[in-house]
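Survey of secondary and tertiary structure
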Amino acid sequence: MSLNLNLNLNLNTLNTASIEDFVALLDGVYEHSPWIARRAAAARPFHSVTALKQALIQVLREASEAEQLGLIRAHPELAGKAMLARSLTAESTGEQSRAGLSDCSPEEFARIQQLNTDYNARFGWPFILAVRGPRGQGLSRAEIIATFARRLAQPADVERAECLRQIHRIAEIRLNDKFGVEPRLGNQVWDWAHELARHSEPGFLEAGQLTVTYLTEAHRAVAAQLQSWMIECGFDEVSIDAVGNVVGVYHGMKADAPRLLTGSHYDTVRNAGAHDGRLGVLLPMACVRELHAAGRRLPFAIEVVAFSEEEGQRYPATFLGSSALTGQFDPAWLELQDGEGITMRAAMQAAGLPGTMEAITALARDPSSYLGFVEVHIEQGPVLHGQDLALGVVTSINGSRRYLGEVIGQAAHAGTTPMGQRRDAAAAVAELLLFVERCAAANAGTVGTVGQLQVPAGSINVIPGRCQFSLDLRAPSDAARDALDAEVREALIRICERRGLSWTLQPTLAAHAAPSDPSWQARWERAVAATGCQVFHLPSGAGHDAMKLHERMPQAMLFVRGQNEGISHNPLESTNNDDIELAAQAFTHLLDHLAAEGHTP
């Protein structure tokens, strides 16, 4: 059988080809490593390009360490001798050229060569980076050099795993090229997110950092842009409400149709990433745009809310936007002051909002008018990244308890006080910290953190007489949270009694867990499966607007993989256009399934 490998590839050709032709058709996807395609052939037939990608990834996950290292070493150095000698594969040549690596300045070339030398000396394999980047258009040389330098400092096992992930990303883009796949909605959402990221607050903007806190000028600019885009997308009603939420409604088939509520927040932490919160606003906007372009109405309306505040950065209160919708906006919040002494009420009025409880109270939604609430969000953690999976179905948003504590002992001379006669407050807190680590690790989904440690008036030659600390305890259920809480407090008592110390523990937060509604979680599961992705479950360790809506209506969340070890609340926060595309497909499938059920699920 002879195949024209220049023709556009399609799944039927791939599924019916001999193993040798299958391998030949996928030549160049993984650098000089035909064994990956050969093993993946056994998983045929593939019903989607996504399923093919997952099969190839699974082959590599199951490969030996020697095989994985062989694949890594089969890749050329960036801007290395092979590029200069023009001996790269056609795929690598195009990718490095697109990133401008063939046009380096002498200084850039020298820097990359030094990084290559240092990297090979440290790890023994070439640095691998998908230079076409998360949008597929190519990283800049400055971005490549910065990433190179950052990853050079990583532990070897972490860096080897990252190289494999970068290889998968390279393969994904090459497969898209072979199949003529364009992640159109993923590109749109990505572009919107990075367009919004141009709005930032003074001081941060000049430093190239993203910061958008409640009702600042940058915050109002983002709201105005979202409002404009919603109108362009075809929403029937678009408004900014009394707390600054941007609300878009796409009508259903009938005027009295129930609504599906969705959305997330558009404010950010200081020096943030571009996707936290905003992904969950922009993605359903893109899906509504598709419905409008097709002239399609559903048995239910879709209400997308860009919540104005979730992060608690400007005022010491969180979930302002979603609390207004659940009727839980605290009147006392209006008198809170920011760092410049501006009350929330004054900030609202300066932004053209009423700043009255009457207007805010009117925003509360009637749960009987809604089918439920769904939220799409970047994971903000490393789980999906580590599993090489684009999407994850959230089982529960963790409940939490937080404390500020202090252990009190006796300060004394570090040189003259025998070890058996010390009342060391810091040592007790260190023991507690390790207990929290062990105890939380013993239960799946449970986490515990001592994030703050201070020894007031501490000195290098003085035994600590006091040690202040924080506790953050989280679990997927209230029962698991409370069990962890009880164990940690009991441990604190035992440790202090044994060491002859006293202690205080002040609660600062108690949040209930928000388990996903089983029927809505099942809808996400069906939607993810329909994309060709593996259905994977995980809890959310971070809080989300969904946990507020949970108190009024059924909710469930979908997570999208984050890049760079899943880091979030950080400029390195990222996802890619293909993962966003899959999330958009899943959201569309959810709408279709819901429409097929009728409007009374």
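The coordinates are above.
So, here is what we can say about the structure in this document. (Residues numbered from 1 in each chain as written. Predicted model: local features only at pLDDT ≥ 70, side-chain atom pairs only at ≥ 80, totals over all residues. Heavy atoms only, no water.)

**Re the packing of helix 18 (residues 425-441) against helix 19 (residues 478-499)**
Quick note on the threshold: Fitted lines through C-alpha atoms give the axes, limited to the stretch in contact for helices. The angle between two N-to-C directions lies from 0 to 180 degrees. Helical segments are the DSSP runs of H or I of at least four residues, strand segments are the runs of E of at least two, and each set is numbered from the N terminus. An angle counts as roughly parallel when it lies under 35 degrees, as roughly antiparallel when it exceeds 145, as roughly perpendicular when it falls between 65 and 115, and as oblique in every other case. For a crossing to be left-handed, the near helix must be turned anticlockwise from the far one by less than a right angle; the clockwise case is right-handed. Whether two residues touch is decided by their heavy atoms; if any such pair falls within 4.5 Å, the residues are in contact. As a working rule, the residues Ala, Val, Leu, Ile, Met, Phe, Trp, Tyr, Cys and Pro are called nonpolar, Asp, Glu, Lys and Arg charged, and the rest polar, with Gly in that last group.
Close contact between helix 18 and helix 19 brings their axes to 10 Å; oriented N to C, the two are set at 150 degrees. On the basis of the axis angle, helix 18 is roughly antiparallel to helix 19. For the crossing formed where helix 18 meets helix 19, the hand is right-handed. Residues Ala427, Ala428, Glu431, Leu432, Phe435, Val436, Cys439 and Ala440 of helix 18 pack against Leu484, Glu487, Val488, Ala491, Leu492, Arg494, Ile495, Arg498 and Arg499 of helix 19. Its residues assigned to classes, the contact of helix 18 with helix 19 shows 12 nonpolar, no polar and 5 charged.

**Considerations on the packing of aromatic side chains**
By convention here, two paired aromatic rings are described through the distance between centres and the angle between planes. As a reminder, the rule being used: Each Phe, Tyr or Trp ring (for Trp, its six-membered ring) is paired with any other whose centre lies within 6.5 Å, and the angle between the two planes then decides the class: stacked below 30 degrees, edge-to-face above 60, tilted in between. Each residue is placed in one exposure class: buried if its accessible area under a 1.4 Å probe, protein chains only, is under 20% of its type's maximum, exposed if it is over 50%, and partly exposed if it falls in between. A positively charged side chain is recorded as over a ring if its NZ (Lys) or CZ (Arg) lies within 6 Å of the ring centre. The angle to the ring normal must also be within 35 degrees.
Within this structure, the stated rule accounts for 10 aromatic pairs. Aromatic side chains Tyr119 and Phe127 sit 5.4 Å apart centroid to centroid with 80 degrees between the ring planes, which places their arrangement in the edge-to-face category. Both residues of the pair, Tyr119 and Phe127, count as buried. Three or more aromatic residues link up through ring pairs in this structure, and these residues are Tyr119, Phe123, Trp125, Phe127 and Phe148. Here the basic side chain of Arg297 rests over the ring of Tyr250, its NZ or CZ set 4.2 Å away from the ring centre. The ring of Trp520 has Arg523 lying over it, and the distance from NZ or CZ to the ring centre is 4.4 Å.

**Regarding the packing of helix 4 (residues 49-62) against helix 10 (residues 156-179)**
With their axes 11 Å apart at the nearest point, helix 4 and helix 10 run at an angle of 150 degrees to one another. Here helix 4 is positioned roughly antiparallel relative to helix 10, judged by the angle of their axes. With respect to the hand of their crossing, helix 4 and helix 10 are arranged in right-handed fashion. Residues Val49, Leu52, Lys53, Leu56, Ile57 and Leu60 of helix 4 touch helix 10, and the partners they reach there are Leu164, His168, Glu172, Leu175, Asn176 and Phe179.

**Structural notes on the nonpolar core**
For the record, the criterion: Grouping buried Ala, Val, Leu, Ile, Met, Phe, Trp, Tyr and Cys residues that are joined through side-chain atoms within 4.5 Å yields what is termed a nonpolar core.
In terms of nonpolar packing, the biggest core is built from 61 residues, with Leu226, Met285, Leu391 and Trp524 touching the most fellow members. If we ignore the near neighbours within four places in the chain, the residues touching Leu391 are Leu384, Val528, Thr531, Cys533, Phe536, Leu558, Phe559, Val560, Asp579, Leu582, Ala583 and Ala586. Judged by nonpolar contacts, the second largest core, of 52 residues, contains Val49, Ile72, Leu115 and Val131.

**Observations concerning helix 5 (residues 65-73)**
We apply this condition: In this context, the arc is that of the directions from the helix axis out to the C-beta atoms.
Those residues of helix 5 that fall on the buried side of the exposure criterion are Gln68, Leu69, Leu71 and Ile72. In an axial view of helix 5, the angular spread of the buried residues amounts to 155 degrees, which keeps them on one side of the axis. Where helix 5 is buried, its residues contact helix 3 (34-40), helix 4 and helix 10.

**Topic: the side chain of His377**
The criterion, for reference: The term polar contact refers here to a pair of N or O atoms within 3.5 Å; inside protein, the definition further demands a hydrogen-donor-capable atom paired with an acceptor-capable atom, and it admits residues adjacent in sequence only when both atoms are side-chain atoms.
Within the secondary structure, His377 sits in strand 5 (residues 370-378). For His377, a relative accessible area of 1% translates into the label buried. Within the local environment of His377, its side chain forms a polar contact with the backbone nitrogen of Gly277, the two atoms lying 3.3 Å apart. The contacts of His377, once residues within four sequence positions are left out, are Ser264, His265, Asp276, Gly277, Leu279, His544, Met557, Leu558, Phe559 and Val560.

**Examining helix 11 (residues 184-196)**
Heads up, the rule is: The span you would expect from a helix comes to 1.5 Å times its residue count less one.
The end-to-end C-alpha separation of helix 11 is 19 Å, in line with the 18 Å expected for 13 residues at 1.5 Å each. Within helix 11, burial applies to Leu185, Gly186, Asn187, Gln188, Val189, Trp190, Trp192, Ala193 and Leu196. Here the buried face of helix 11 lies against helix 12 (217-233), helix 13 (279-293) and helix 22 (577-597).

Read these as spatial facts, not as claims about activity.
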